[in-house]
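Commentary on secondary and tertiary structure
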Amino acid sequence: MESAADTTLWGAIAEDDHAAFTTLYERHAQAVWNYAYRLTGSWSTAEDVLATAFMTAWQRRADVVLIRDSALPWLYTVAANLVRNDHRRRGRFLRLVPKLAVLDEARDHAEEFVERDHTQQRLTKVLAAVDRLPAAEKEAVQLCMVGRMSTADAAQLLGITEVSVRSRLSRARTRLRRMTEGSMTEGGMTEESFDE
């Protein structure tokens, strides 16, 4: 079972095979968590996204569309949608908070430590810049640069040509470089920005 292709596993999963689902989870959980962390910059949020993505996969096991016989692109898409929805929800909450109560000025030591951490700050700035990209470019960046998907797989998932994906990535890199030049002390945005 461990060496079975994702398509074989999904066939078994569609028949409620929990062992096949466990194998698929063990195969892709780390990649999905890494992707979620790169999108959110938060370990706990990445854990939540991972759990919800696989719960969604189990609930929608009959609907899953595999790209090149891999479940990973579909899982990345679910994770990105979960992060996007969470971002919207948090935005609404943050707009509501000042109306409900005065924020406590006391800060948690853990929060201060995270804010001092250079890597965390850099990732937060990069992700904020990615969020400001036009939708098509943002989607290409999330799949190829954040999710490490090949341009061929991203093109198939998005239903466009590989040349179009490369073009979107090129435009996105130019925009991101401009957006992050002034705010990041170590230069612009590259794929390495997501590795830290």
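First things first, this report covers the structure right here in the doc.

Cut-offs and rules
- Residues numbered from 1 in each chain as written.
- Predicted model: local features only at pLDDT ≥ 70, side-chain atom pairs only at ≥ 80, totals over all residues.
- Heavy atoms only, no water.
- Helix = DSSP H or I, 4+ residues; strand = E, 2+ residues; numbered from the N terminus.
- Buried < 20%, exposed > 50% of the residue type's maximum accessible area, 1.4 Å probe, protein only.
- Contact = heavy atoms within 4.5 Å.
- Areas by Shrake-Rupley, 256 points an atom, 1.4 Å probe, with all protein chains shown as cover.
- Phe/Tyr/Trp six-rings, centres within 6.5 Å; stacked < 30°, edge-to-face > 60°.
- Lys NZ or Arg CZ within 6 Å of the ring centre and 35° of its normal.

1. Some details on the overall build of the chain
On a plain count of helices and strands, the chain comes out with 9 helices and 0 strands. Mapped in sequence order, the helices and strands of the chain form the string α-α-α-α-α-α-α-α-α. Evaluated residue by residue, the chain yields a buried proportion of 40% over its 196 residues. Within the chain, contacts between residues separated by at least 24 positions form 64% of all contacts whose residues are at least 6 apart in sequence. When the accessible surface of the chain is summed, it comes to about 11300 Å², and 52% of that surface belongs to carbon and sulfur atoms.

2. Considerations on the environment of Arg177
Along the chain, Arg177 turns up in helix 9 (residues 162–181). Separated by 51 residues in sequence, Arg177 and Val126 place their C-alpha atoms 9.7 Å apart.

3. Describing the side chain of Thr56
Locating Thr56 in the fold gives a position in helix 3 (residues 43–59). We classify Thr56 as buried; its relative accessible area is 16%.

4. A short note on the packing of aromatic side chains
Each pair of aromatic rings is reported with the distance of its centres and the angle of its planes. On inspection of all chains with the given rule, the structure shows 6 aromatic pairs. Judged by centre distance (6.1 Å) and plane angle (80°), the rings of Phe21 and Phe54 are edge-to-face. Placement of Phe21 in helix 2 (residues 18–40) and of Phe54 in helix 3 is noted, with a sequence separation of 33 residues between them. On the basis of relative accessibility, which here comes to 15%, the residue Phe21 falls in the buried class. A cation over a ring is seen here: Arg61 above Trp58, with NZ or CZ 4.1 Å from the ring centre.

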